[in-house]
Amino acid sequence: MRIRKAVFPVAGLGTRFLPATKASAKEILPVVDKPLIQYAVKEAIAAGAEEMVFITSHTKNSIMDHFDRDYELEATLEAKGKEELLKAVKDVLPPGISCVYIRQPEQMGLGHAINCALPAVGDQDFAVILADDLIAGSFQPCMAQMQRVYQEYGTSVLAVQRVPWEETYKYGIVEVEPIGPGLSEIRGIVEKPDPDKAPSNLAVVGRYILTPRIFRLLDKTQPGAGGEIQLTDAIEALMGEQTVLAYEFEGTRYDCGSKFGYLKANVEMGLQHHEIGDEFRSYLKNLTAGWDDDNDTSRTD
Ligand code: UTP
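Residues numbered from 1 in each chain as written. Predicted model: local features only at pLDDT ≥ 70, side-chain atom pairs only at ≥ 80, totals over all residues. Heavy atoms only, no water.

J.: Help me out: how do you make sense of a nonpolar patch on the surface in this one?
T.: Together, Tyr283, Leu287 and Trp291 line one region of the surface with nonpolar side chains, adding up to about 360 Å² of accessible area. In this structure, leucine 287 sits in helix H11 (residues 277-288). (Patch = residues over 30% accessible without salt bridge, like charges linked within 9 Å, V, L, I, M, F, W, Y side chains within 5 Å. Areas by Shrake-Rupley, 256 points an atom, 1.4 Å probe, with all protein chains shown as cover. Salt bridge = Lys/Arg side-chain N within 4 Å of Asp/Glu carboxyl O. Helix = DSSP H or I, 4+ residues; strand = E, 2+ residues; numbered from the N terminus.)

J.: So what exactly am I meant to see when it comes to the pairing of strand E12 (residues 244-248) here?
T.: A regular strand places its side chains so that they alternate between the two faces of the sheet. Most of E12 is tucked away, with 4 of its 5 residues classed as buried. As paired elements, strand E8 (residues 156-162) and E12 share 5 bridges and run parallel to each other. Paired with leucine 158 across the two strands is alanine 246, which belongs to E12. When strand E10 (residues 183-191) meets E12, the two strands line up antiparallel, connected through 3 bridges. Of the residues in E12, the one forming a bridge with serine 184 is alanine 246. (Buried < 20%, exposed > 50% of the residue type's maximum accessible area, 1.4 Å probe, protein only. Pairing = 2+ DSSP bridges.)

J.: Where do I start with the state of the cysteines in this structure?
T.: Here a disulfide denotes one covalent bond, and it connects the sulfur atoms of two cysteines. Taken as a whole and assessed by the stated rule, the structure comprises 0 disulfides. With no disulfide partner, cysteine 99 has as its closest neighbouring cysteine sulfur the one in cysteine 116, 18 Å distant. The exposure class of cysteine 99 is partly exposed, given its relative accessible area of 23%. (Disulfide = S-S within 2.5 Å.)

J.: It is not clear to me how the packing of helix H8 (residues 213-220) against helix H9 (residues 231-239) should be interpreted in this structure. Could you clarify?
T.: The relative placement of two packed helices is expressed as an angle between their axes plus a distance between the axes. Two elements in contact, H8 and H9, have axes whose closest approach is 9 Å; the angle formed by their N-to-C orientations is 120°. In this view, H8 runs oblique relative to H9, as classed from their interaxial angle. Read as a crossing pair, H8 and H9 show a hand that is right-handed. Where H8 approaches H9, its residues Arg213, Ile214, Leu217 and Leu218 are matched on the opposing element by Leu231, Ala234, Ile235, Ala237 and Leu238. Of the residues belonging to the contact of H8 with H9, the class tally is 8 nonpolar, no polar and 1 charged. (Axes fitted to C-alpha atoms, helices over the stretch in contact; angles between N-to-C directions. Parallel < 35°, antiparallel > 145°, perpendicular 65-115°, else oblique. Left-handed = near helix turned anticlockwise from the far one by under 90°. Contact = heavy atoms within 4.5 Å. Nonpolar A, V, L, I, M, F, W, Y, C, P; charged D, E, K, R; others polar.)

J.: Can you help me understand helix H10 (residues 259-271) in this one?
T.: Spacing of three or four residues puts side chains on the same side of an α-helix, whose turn is 3.6 residues. Helix length check: H10 (13 residues) gives 18 Å between terminal C-alpha atoms against 18 Å at 1.5 Å per residue, within 8%. What H10 keeps buried is the set Gly261, Tyr262, Ala265, Asn266, Met269 and Gly270. The buried residues of H10 occupy an angular sector of 160° when projected down its axis, which confines them to one face. More than 90 degrees from the buried face of H10, the exposed residues found are Phe260 and Leu263. Tucked into the core, H10 has its buried residues touching strand E2 (30-31), helix H1 (36-46), strand E7 (133-136), strand E13 (252-255) and H11. (Expected span 1.5 Å × (residues − 1). Arc of directions from axis to C-beta.)

In short, shape yes, function no, at least from these values alone.
Below is the structure:
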């Protein structure tokens, strides 16, 4: 049993990154030298997926272009003997992996975006990766860890992470019944609760394995907060019919949908980068030497 299709909702407006996201997708923003969406696709492939389904909007052509072959660029790099760069360009989409693009006609929320994937997914279980949640730093990529759980239980699995209690209002928060180390059955889910109303501090992050039943339930989901069709509401309905598991993955998550999380990802992954890591480390050391909190003269709004 293996997940073959991965859905990438990339049609959001990305307002927190305007004006950078005015004419191109947030998911095309690079962390060091690769766009966010490329990390996500690599993670899906590492979990065994073969068909990538992108839910896009009219401003997101850059995503389609990124995963297209660019024969002219490849020929130029080859002619110049730039072997390493040529490999990096060809590796964007390995052989045997196909891409499908579906337009979300209106930005009616994550649940609505996922429902747009029905024609490509059909009646199979499938993965969803939100590329702006970049997960790194573990032996096995997050979706491959989830795939292992799915293989054992054959049911929906959501990635969860403990967050500071004061941040529960930013996430879907689950109420769980533990069934093993890092694994629980979800009993309840609440979208963005205040800390005093949160059933736990286990937050759902941007990785899901879902059964196709979710499409029927999304059809019936009424628009919620902000007029958007919330995936959380459909997952709550799914829990009434099928087991839904919460899996505490190993790895570090960077919320690249926010400026602060995006900068953290660039700094931490820059420090680990094989080409520039050492130079960047000594640059940061020099830059921060002698800094103290009371002497902040560096604001640029
Ligand atoms: P976000 O909640 O981060 O919204 O979406 P956003 O529009 O991307 O960004 P901000 O908040 O305005 O800055 C979570 C995920 O759902 C996708 C986004 O692309 C992102 O991957 N999404 C959201 C859609 O594909 N369609 C939608 O209608 C809404």
